[in-house]
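Residue-level structure breakdown
As a plain string of letters, each chain reads:
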Amino acid sequence: MLIEVVAAGTRHAISKSYSIDPPATVGDALARAMLDPAFAGVDFAAAVGVFGRIARVDAPLRDGDRVEIYRPLREDPKSARRRRAAAASRSVRS
Amino acid sequence: MSGARADALAADIDARLPQTQCTRCGYAGCAPYAAAIAAGEAGIDRCPPGGAATIAALAQLLGRTPLPLNPACGTEGPPRVAVIDEARCIGCAKCLAPCPVDAIVGAPKHLHAVLEERCTGCELCLPPCPVDCIEMQPAPPSHRNDPGLNRTRYAAHRARAARLAQERTQAIAAKKALAGRTAATR
């Protein structure tokens, strides 16, 4: 079956498709990508998932699945919200 | 026109649409718009991403005179792609499902990114973003909008969405059955 592995970056992404014998897991696909020079520099210890859902490495894959390697948020959403709210209240007062 | 002939015509029309699935024509996607044209319910002037080239192709297919693009649907412009401002993305994942071609990679509480070469510029990811961190920017000169690839990706996206919906329904039914059994044994 055909499995795509994607590591998205800012305006550029590494994406490779691999033919893997079923049954296969998220970890199997990542193992293939790890050996691929195209993925050099990618943090394989990061959270991974399939089509927008965090998945464990032992999760089974289906034909056509996209295994994704995620990156952490730049800023904690709660502190970002406080910062936006503070900026908004400042602009209202001035 | 018979049903089969209308379907064949709709397929011919759909083959000439850019497959961005942007819904700016007022229909739920390129195929529904093609069906509406085939049924004589919609004009050939409603596709902003396709612009003059698509209108000309449709006019030729249907033996009609080309029209200018209907301004109520939008304007034709240089191709654009969605770009996520990573400093502002809160990882809400709301933009993922609306993308017809799965061009956004991300998961809840993790940074999202647009796979630029896959983005069709449909703008369907913009309204769901609660922090307005997605912006349309000019596509690089190398960017190609391939209707065939768009169609394949949209079909895969729809098939997966249908499967997930079915799995959810089954999970709820299983939970209800379990709750019913538990209540009965009390």
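Residues numbered from 1 in each chain as written. Chains lettered and ligands numbered in written order. Predicted model: local features only at pLDDT ≥ 70, side-chain atom pairs only at ≥ 80, totals over all residues. Heavy atoms only, no water.

Comments concerning the overall build of chain A
Selection rule: Counting from the N terminus, the helices are the DSSP runs of H or I reaching at least four residues and the strands are the DSSP runs of E reaching at least two. For every residue, the accessible area (1.4 Å probe, protein chains only) is compared with the maximum for its type, and the residue is labelled buried under 20%, exposed over 50%, or partly exposed between those bounds. We call two residues in contact when some of their heavy atoms are within 4.5 Å. The charge count treats Lys and Arg as positive and Asp and Glu as negative. His and the chain ends do not count. Every charge is mapped onto a representative atom, which is NZ of Lys, CZ of Arg, CG of Asp or CD of Glu.
Counting its secondary structure elements, chain A contains 2 helices and 5 strands. Beginning at the N terminus, the succession of helices and strands in chain A can be written as β-β-α-β-β-β-α. If you line up chain A on its principal axes, its C-alpha atoms span 65 × 25 × 20 Å. Burial statistics for chain A: of 94 residues in total, 39% are counted as buried. Intrachain contacts of chain A at a sequence separation of at least 6 include 46% that bridge at least 24 residues. Charge-centre separation for chain A: the mean point of 16 positive side chains lies 16 Å from the mean point of 11 negative side chains.

Remarks on helix H4 (residues 147-185) of chain B
Residues and elements named next belong to chain B. Inclusion rule: A helix's residues, less one, multiplied by 1.5 Å, set its expected span. Polar contact criterion, stated in full: a pair of N or O atoms within 3.5 Å, where within protein one must be able to donate a hydrogen and the other to accept it, and residues adjacent in sequence count only if both atoms are side-chain atoms.
Between its terminal C-alpha atoms H4 stretches 57 Å, which fits the 57 Å expected from 39 residues at 1.5 Å a residue. Among the residues of H4, those classed as buried are Asn 150, Tyr 154, His 157 and Arg 160. The distance from a side-chain oxygen at the start of H4 to the backbone nitrogen of Gly 148 is 2.8 Å, and the residue carrying that oxygen is Asp 146.

Some remarks on the domain arrangement of chain B
As a measure of interface size, the accessible area lost when the parts come together is often cited. Residues and elements named next belong to chain B. To keep things clear, this is the line we draw: Domain limits in this description derive from either an automatic procedure or a database domain assignment. By buried area we mean how much accessible surface two parts lose on assembly, using a 1.4 Å probe and totalling the loss over both. Here, a salt bridge means any side-chain nitrogen of Lys or Arg that lies within 4 Å of a carboxyl oxygen of Asp or Glu.
The domain architecture assigned to chain B consists of domain 1 (3-73) and domain 2 (79-186). Contacts between the two partners involve 11 residues from domain 1 and, on the opposite side, 11 residues from domain 2. Both sides together, the interface formed by domain 1 and domain 2 hides about 790 Å², and carbon and sulfur atoms give 47% of it. On the domain 1 side of the interface with domain 2, the three residues burying the most area are Gln 19, Thr 20 and Gln 21, jointly 54% of the side's total. One can count 1 salt bridge joining domain 1 with domain 2.

What about the nonpolar core?
Residue and element names in this part refer to chain A. Here is the rule we go by: Buried Ala, Val, Leu, Ile, Met, Phe, Trp, Tyr and Cys residues that are joined via side-chain atoms within 4.5 Å together make up what is termed a nonpolar core.
Residues Val 5, Val 26, Phe 39, Leu 61, Val 67 and Ile 69 are the most contacted members of the largest nonpolar core, which totals 24 residues. Secondary structure elements with two or more residues in this core: strand E1 (2-8), strand E2 (13-19), helix H1 (26-34), strand E3 (48-50) and strand E5 (66-69). It is H1 that provides the largest number of residues to this core, a total of 4 residues. Sequence-distant contacts of Leu 61, that is, excluding residues within four places in its chain, are made with Met 1, Ile 3, Ala 24, Thr 25, Val 26, Ala 29, Val 50 and Val 67.

Describing the confidence of the model for chain B
This is how the line gets drawn: What pLDDT conveys is the predictor's confidence in a given residue, as a value from 0 to 100.
Of all residues in chain B, 98% have pLDDT values of 70 or greater, and the mean over the chain is 95. Listed scores for the predicted complex are pTM 0.90 and ipTM 0.88.

Some points on helix H2 (residues 30-38) of chain B
Every buried residue belonging to H2 of chain B is among Cys 30, Tyr 33, Ala 34, Ala 36, Ile 37 and Ala 38 of chain B, and all of these are buried. Just past H2 of chain B, the residue Gly 40 of chain B takes up positive phi, approximately 80°.

Thoughts on the packing of helix H1 (residues 3-14) of chain B against helix H3 (residues 51-62) of chain B
Residues and elements named next belong to chain B. Note the cut-off: Axes, fitted as lines to C-alpha atoms, cover a helix only where it is in contact. Angles between the N-to-C directions of the axes lie from 0 to 180 degrees. In these notes the angle categories are as follows: under 35 degrees is roughly parallel, over 145 is roughly antiparallel, 65 to 115 is roughly perpendicular, and the rest is oblique. Handedness of a helix crossing follows the sense of rotation of the near helix relative to the far helix, less than a right angle counterclockwise being left-handed and clockwise being right-handed. Amino acids are sorted into nonpolar (Ala, Val, Leu, Ile, Met, Phe, Trp, Tyr, Cys and Pro), charged (Asp, Glu, Lys and Arg) and polar (every other residue, Gly among them).
The contact between H1 and H3 brings their axes to 10 Å, and the two run at 150°. Taken together, the axes of H1 and H3 are roughly antiparallel relative to one another. Of the two elements, H1 crosses H3, and the hand of that crossing is right-handed. Contacts between H1 and H3 involve Leu 9, Asp 12 and Ile 13 from the first element and Leu 58, Leu 61 and Leu 62 from the second. Residue composition of the contact of H1 with H3, by class: 5 nonpolar, no polar and 1 charged.

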